[in-house]
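Below, each chain spelled out in residue letters.
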Amino acid sequence: MNRVSIVIPCYNGGAHLDDAVRSALAQTWQDIEIVVVDDGSTDLATIALLDTAAWPRTRILRQANAGPSAARNAAITAASGEF
């Protein structure tokens, strides 16, 4: 079975981030990893969520704000999945 990487860029999107990650974790494909990239969030609730997150099979990367394309590219570079 091939590993699938799910890439989630985030900039001040904490209100929806937990739902997005839980949705990804609920998929039926067993070999997944989730890579969340915090693209320089300034929203305190988003920062707090990312600081305390304990989602399984999920890595959180942080970078200075560089836009959604740069956040996606950073996640893809860090991903280990074949797809």
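Just so it is clear, the structure is predicted and the values come from calculations on it, not from any experiment.

## Quick look at the nonpolar core
Moving on, step 1. Grouped together as the largest cluster of nonpolar side chains are 11 residues: Ile8, Cys10, Leu17, Val21, Ala24, Leu25, Ile32, Ile34, Val36, Leu50 and Trp55.
Moving on, step 2. Looking at this core, the elements with two or more residues in it are strand E1 (4-10), helix H1 (14-25) and strand E2 (32-39).
Moving on, step 3. Looking at this core, the element that brings in the most residues is H1, giving 4 residues.
Moving on, step 4. Beyond its immediate chain neighbours, meaning those up to four positions away, tryptophan 55 contacts Leu17, Asp18, Val21, Arg22, Leu25, Leu49 and Ile60.

## A short note on the sheet that holds E2
Moving on, step 1. The 3 strands are arranged E1-E2-E3 in an open sheet whose pairing can be described as parallel. Where the open sheet ends on each side, the last strands, each with one partner, are E1 and strand E3 (58-63). Neighbour-to-neighbour, the strand axes of the sheet open up by a mean angle of 20°, direction not taken into account.
Moving on, step 2. Note that E2 and E3 share 6 bridges and pair parallel. Directly across from valine 37, in E3, lies its bridge partner leucine 61.
Moving on, step 3. Taken strand by strand, helix H2 (residues 44-52) contacts E1, E2 and E3, and its axis lies near 135° from that of E3.
Moving on, step 4. Of the strands in this sheet, E1, E2 and E3 touch helix H3 (residues 68-78), which is tilted by about 135° from E3.

## Here we look at the environment of isoleucine 8
Moving on, step 1. Assignment of secondary structure puts isoleucine 8 in strand E1.
Moving on, step 2. Overall, isoleucine 8 belongs to the buried group, its relative accessible area being 12%.
Moving on, step 3. Residues isoleucine 8 and tryptophan 29, 21 residues apart in the sequence, show an inter-C-alpha distance of 17 Å.
Moving on, step 4. Those residues within four positions of isoleucine 8 in sequence are excluded, and the remaining contacts are Leu17, Ala20, Val21, Ile34, Val35, Val36 and Val37.

## A word on the environment of isoleucine 47
Moving on, step 1. You can see isoleucine 47 is positioned in helix H2.
Moving on, step 2. Look at isoleucine 47 and you get partly exposed, because its relative accessible area is 23%.
Moving on, step 3. Along the backbone, isoleucine 47 and glycine 14 are 33 residues apart, and their C-alpha atoms lie at a distance of 7.7 Å.
Moving on, step 4. Excluding residues that lie within four positions of it along the chain, isoleucine 47 makes contacts with Ser41, Thr42 and Arg62.

Cut-offs and rules
- Residues numbered from 1 in each chain as written.
- Predicted model: local features only at pLDDT ≥ 70, side-chain atom pairs only at ≥ 80, totals over all residues.
- Heavy atoms only, no water.
- Core = buried A, V, L, I, M, F, W, Y, C linked by side-chain atoms within 4.5 Å.
- Buried < 20%, exposed > 50% of the residue type's maximum accessible area, 1.4 Å probe, protein only.
- Helix = DSSP H or I, 4+ residues; strand = E, 2+ residues; numbered from the N terminus.
- Contact = heavy atoms within 4.5 Å.
- Pairing = 2+ DSSP bridges.
- Axes fitted to C-alpha atoms, helices over the stretch in contact; angles between N-to-C directions.

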